[in-house]
Amino acid sequence: MTALSIVSHCHPFVVGVDTHARNHVYAILDATNGALLDTQSFPTTATGINRAIKWVARRTNADADTLWVIEGAASYGAILAGTVATHGFPVTETPRMDAKKNRGVGKTDALDAHRMAMAVLPLPVEKLRRPRLNEGIRQSLRILVTARESMSKDRTRSINALNALVRGNDLGIDARRKLTPVQIEEISRWREREEELALSIARAEAVRLAKHILNLAEQLKSNEQKLDELVKVSEAAPLLEEKGFRAVTAAKCLVAWSHEGRVRSEAAFACLAGVNPIPASSGNTVRHRLNRGGDRRLNSALHMAAITRMTYDSETCDYVEKRRAEGKTDKEIRRCVKRYLARRIFRILTAAAQAKKVQDVA
């Protein structure tokens, strides 16, 4: 690693931004010596963001190499990050910081923005956390995946509530086991009856829950169709040909990967997915364990793909048996399969992006 690869040697100024719902707080540093030049707060409106960019430009001589360090570049700071990027400035997400260092120092939005800017100064440029692109197909997929997770959780809660309701009240349906889709469909068609008040209220609530569950099922089906349509015209299209991958899984992988160059290597992608091997050796035992960090949505997608392959893919099943014969546990084997999938996904997405770039040039 050369000295020139350090942020403080490559960027003349650094802007730290502490983002919030109504206002963003900005802190400008001179990267050469870490001196704080100024801090200011601006509204999160389009006008406020444009004022902030002009304010920064006046204090940095409009230097195009000014690095912006934005907190929550995928949430509160998403619009700001996109606007700053369109103006040609380099953008990075806030690095992970140790909260213990703030003890005895205090906390304000201005101090937080200052700390964010200071935190990147000693970092190698190639290890900065580049934000995901929030545009076009990728942003659409991110919205659909987020909505799907919300609907899935709501559907699960409703099914659990309906099961509890019919088990606790004699409504004339066999609820000794979890309700089947056919039974839920039957409940949704129930009509009012002449019965006790408590049973009448319970029946009406059961009908409401059943209809809500069926409605969510239709929404989830429509959501997956939209995901499938978008994935087929994106860099993730080749993933649909891989065993264990469907539109939902492929979409999660593309949303995490975002675009070529954001993740610097397949090892970094594995770390992002939380599938990189963590040493857990002791004494005469040499082993690795699962990583509990990383993007858990991406990790979940790889987990489901790994389970499917370990169950239905003959080549993967042979690999599993081979590793079991070596004394590996199922968790360790699954970790290896997920690491392999992370490597393959990264290569497929990168190759697809490069091929698309060539087509665009041609």
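Residues numbered from 1 in each chain as written. Predicted model: local features only at pLDDT ≥ 70, side-chain atom pairs only at ≥ 80, totals over all residues. Heavy atoms only, no water.

- In the annotation of an unreviewed UniProt entry, the protein chain is listed under the name IS110 family transposase and assigned to Pseudarthrobacter psychrotolerans.

## Section: unusual backbone geometry
Here comes step 1: Here the phi dihedral of alanine 62 falls at roughly 55 degrees; this positive angle occurs in a residue that is not glycine.
Here comes step 2: Phi at serine 258 is positive, roughly 70 degrees, even though this residue is not glycine.
Here comes step 3: Note that serine 258 resides in the loop between helix H8 (247-257) and helix H9 (266-273). (Helix = DSSP H or I, 4+ residues; strand = E, 2+ residues; numbered from the N terminus.)

## Quick look at the side chain of asparagine 223
Here comes step 1: Positionally, asparagine 223 belongs in helix H7 (residues 197-231).
Here comes step 2: Setting aside residues up to four positions removed in sequence, asparagine 223 forms contacts with Leu144, Ala147, Arg148 and Met151. (Contact = heavy atoms within 4.5 Å.)

## Let's talk about helix H10 (residues 296-312)
Here comes step 1: For H10, which comprises 17 residues, the first-to-last C-alpha distance of 24 Å matches the rise-based estimate of 24 Å (1.5 Å per residue) to within 8%.
Here comes step 2: Those residues of H10 lying buried are Leu298, Asn299, Ala301, Leu302, Ala305, Ala306, Arg309 and Met310. Buried residues of H10 fall within an arc of 160 degrees about the axis and therefore sit on the same side.
Here comes step 3: Of the residues that open H10, the one with a side-chain oxygen 3.0 Å from the backbone nitrogen of arginine 297 is aspartate 295. (Expected span 1.5 Å × (residues − 1). Buried < 20%, exposed > 50% of the residue type's maximum accessible area, 1.4 Å probe, protein only. Arc of directions from axis to C-beta. Polar contact = N/O pair within 3.5 Å; in protein donor to acceptor, adjacent residues only side chain to side chain.)

## So, the nonpolar core
Here comes step 1: Leu227, Leu239, Phe269, Leu302 and Ile345 are the most contacted members of the largest nonpolar core, which totals 38 residues.
Here comes step 2: Within the residue set of this core, elements represented by two or more residues are helix H5 (136-168), H7, H8, H9, H10 and helix H12 (330-361).
Here comes step 3: Of the domains in this structure, domain 2 (136-233) and domain 3 (237-355) are the two that each give at least three residues to this core.
Here comes step 4: If near-sequence neighbours (up to four positions away) are discounted, leucine 239 is found in contact with Phe245, Ala250, Cys253, Ile345, Ile348 and Leu349.
Here comes step 5: Of all hydrophobic cores here, the second largest spans 18 residues; its members include Trp55, Ala73, Leu80 and Phe89. (Core = buried A, V, L, I, M, F, W, Y, C linked by side-chain atoms within 4.5 Å. Domains from an automatic or database assignment.)

## Describing the domain arrangement of the protein chain
Here comes step 1: Looking at the assigned domains, one finds that the protein chain contains domain 1 (7-127), domain 2 (136-233) and domain 3 (237-355).
Here comes step 2: Taking the mean C-alpha position of each, domain 1 and domain 3 sit 34 Å from one another.

## Some points on the state of the cysteines
Defined simply, a disulfide is a covalent bond joining two cysteines at their sulfur atoms.
Here comes step 1: One pass over the structure, following the stated rule, counts zero disulfides.
Here comes step 2: The cysteine cysteine 253 is free of any disulfide, with cysteine 271 supplying the nearest cysteine sulfur at 16 Å.
Here comes step 3: Judged by relative accessible area, cysteine 253 falls into the buried class, the value being 0%. (Disulfide = S-S within 2.5 Å.)

## Things to note about the pairing of strand S2 (residues 23-30)
Here comes step 1: Taken across its eight residues, S2 has seven buried, putting it largely inside the fold.
Here comes step 2: Here six bridges tie strand S1 (residues 13-18) to S2, and the two strands are oriented antiparallel to one another. Of the residues in S2, the one forming a bridge with valine 17 is tyrosine 26.
Here comes step 3: Between S1 and S2, which follow one another and run antiparallel, lie four residues.
Here comes step 4: If you look at the hairpin formed by S2 and strand S3 (residues 35-43), you'll find four residues sitting between the two strands, and glycine 34 has a positive phi there, around 75 degrees. (Pairing = 2+ DSSP bridges.)

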